[in-house]
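# Inside the fold
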Amino acid sequence: MKKHSKLWLTVVPLYLFTLLFVLGPMIYMVVLSFQTRAEVWGVVNQFTLDNYKNIFHPVYLQTFAESFKLAITSTLFIVAIGYPFGYFMAKLSPVWKKRMMMLLMIPFWTSSLIRMYGWIIIFRANGTLDKLLMGLGLTQTPLKLLYTYPAVVVGMVYALLQFMIFAVYSSAEKMDWSLVEAARDLGASPWQAFYTVTLKLTLPGLLSGVILTFIPSMGLFFIADILGGNKVVLVGSLIQDQLMKAHNWPFAAALSVALMVMTTLMIAVYKRVTHSDELEGLL
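Residues numbered from 1 in each chain as written. Predicted model: local features only at pLDDT ≥ 70, side-chain atom pairs only at ≥ 80, totals over all residues. Heavy atoms only, no water.

## What to know about the nonpolar core
- The biggest cluster of nonpolar side chains holds 35 residues, and the ones touching the most others in it are Leu 70, Met 116, Val 152, Ile 223 and Leu 227.
- Broken down by secondary-structure element, the contributors of at least two residues to this core are helix H3 (58–90), helix H4 (94–105), helix H5 (112–123), helix H7 (149–173) and helix H11 (221–228).
- For this core, the leading source of residues is H7, giving 14 residues.
- Membership of the second largest hydrophobic core comes to 21 residues, among which are Met 218, Ile 239, Val 257 and Ala 258. (Core = buried A, V, L, I, M, F, W, Y, C linked by side-chain atoms within 4.5 Å. Buried < 20%, exposed > 50% of the residue type's maximum accessible area, 1.4 Å probe, protein only. Helix = DSSP H or I, 4+ residues; strand = E, 2+ residues; numbered from the N terminus.)

Here is the structure:
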């Protein structure tokens, strides 16, 4: 009896926290998305599907399309950099693994907002990057890098790269390297061994990293605002504008539900492909 009572003492707070701060807000958001916007402020308790119909308006569909484009571009760069990094990091000695983990965690000690402002110093006219390029003789005049699409992509890659690295590292670190050696002994070339063994065994980490970077890159509006100068409008920016400027809370909730559904579908595909219930790099 004492063991059961102690178990309940540890489990009940966890369930209460989940109900109050996770499930509760999600239910409220879904309910709010079916309500009607008041003429001046707030909402009217009147059921409607107009909020979801408005998502298919050409203007908002264009915002989703631009967000998809940025998310795909950022994710491709993150995969190209993060997958090799996480793979080779798993092959390091235990001491160097700890050191690399520490180096990757250090940026999280500083607010991401402050770190994004640091990129302004690098990208601005006559900034750090301009002076470096002109000092090397590669450019003659200052470049217009700040408030451009490439600047936003760089910001997204910088903010989300660690999630891909940790996800791939988590898969590669569990991998049985003797299988790669066996493939080589059987006559497979390095690329054949990588494709047939390594890639398949690290696929859960790769797909997990894609999920952890693709969806956030559609909603990190502060990066687009700081480095894009409001020239790049994301779904996250649209949600913020509907909440803070238009005060259309039901429509903002509908947009949030749409993003949540997209995330759920991607996780469902991940589980179906990898036959795993956990995202690599999180647990």
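## Considering the packing of aromatic side chains
- For the structure on display, the rule yields 13 aromatic pairs.
- Taking 5.0 Å as the distance between ring centres and 40 degrees as the angle between the ring planes, the aromatic pair formed by Phe 17 and Phe 21 counts as tilted. Of this pair, Phe 17 and Phe 21 are both found in helix H1 (residues 2–33), four residues apart, which corresponds to roughly one turn of the helix.
- Every member of this aromatic cluster is reached through a ring pair, and the members are Tyr 83, Tyr 87, Phe 88, Trp 177, Trp 191 and Phe 194.
- In this arrangement the basic side chain of Lys 69 is found over the ring face of Tyr 149, its NZ or CZ atom lying 5.2 Å from the centre.
- It is Arg 115 that lies over the ring of Phe 108; its NZ or CZ is 5.9 Å from the centre. (Phe/Tyr/Trp six-rings, centres within 6.5 Å; stacked < 30°, edge-to-face > 60°. Lys NZ or Arg CZ within 6 Å of the ring centre and 35° of its normal.)

## So, the pattern of salt bridges
- Scanning the entire structure with this criterion turns up two salt bridges.
- Notably, a salt bridge pairs Lys 97 with Glu 173, separated by 3.9 Å at the nearest N-O pair. Of this pair, Lys 97 sits in helix H4 while Glu 173 sits in helix H7, and the two are 76 residues apart along the sequence.
- For Glu 173, a relative accessible area of 40% translates into the label partly exposed.
- Across the pair Asp 241 and Lys 245 runs a salt bridge, and its minimum N-O distance is 3.7 Å.
- Residue classification places Lys 245 among the exposed positions, given a relative accessible area of 64%. (Salt bridge = Lys/Arg side-chain N within 4 Å of Asp/Glu carboxyl O.)

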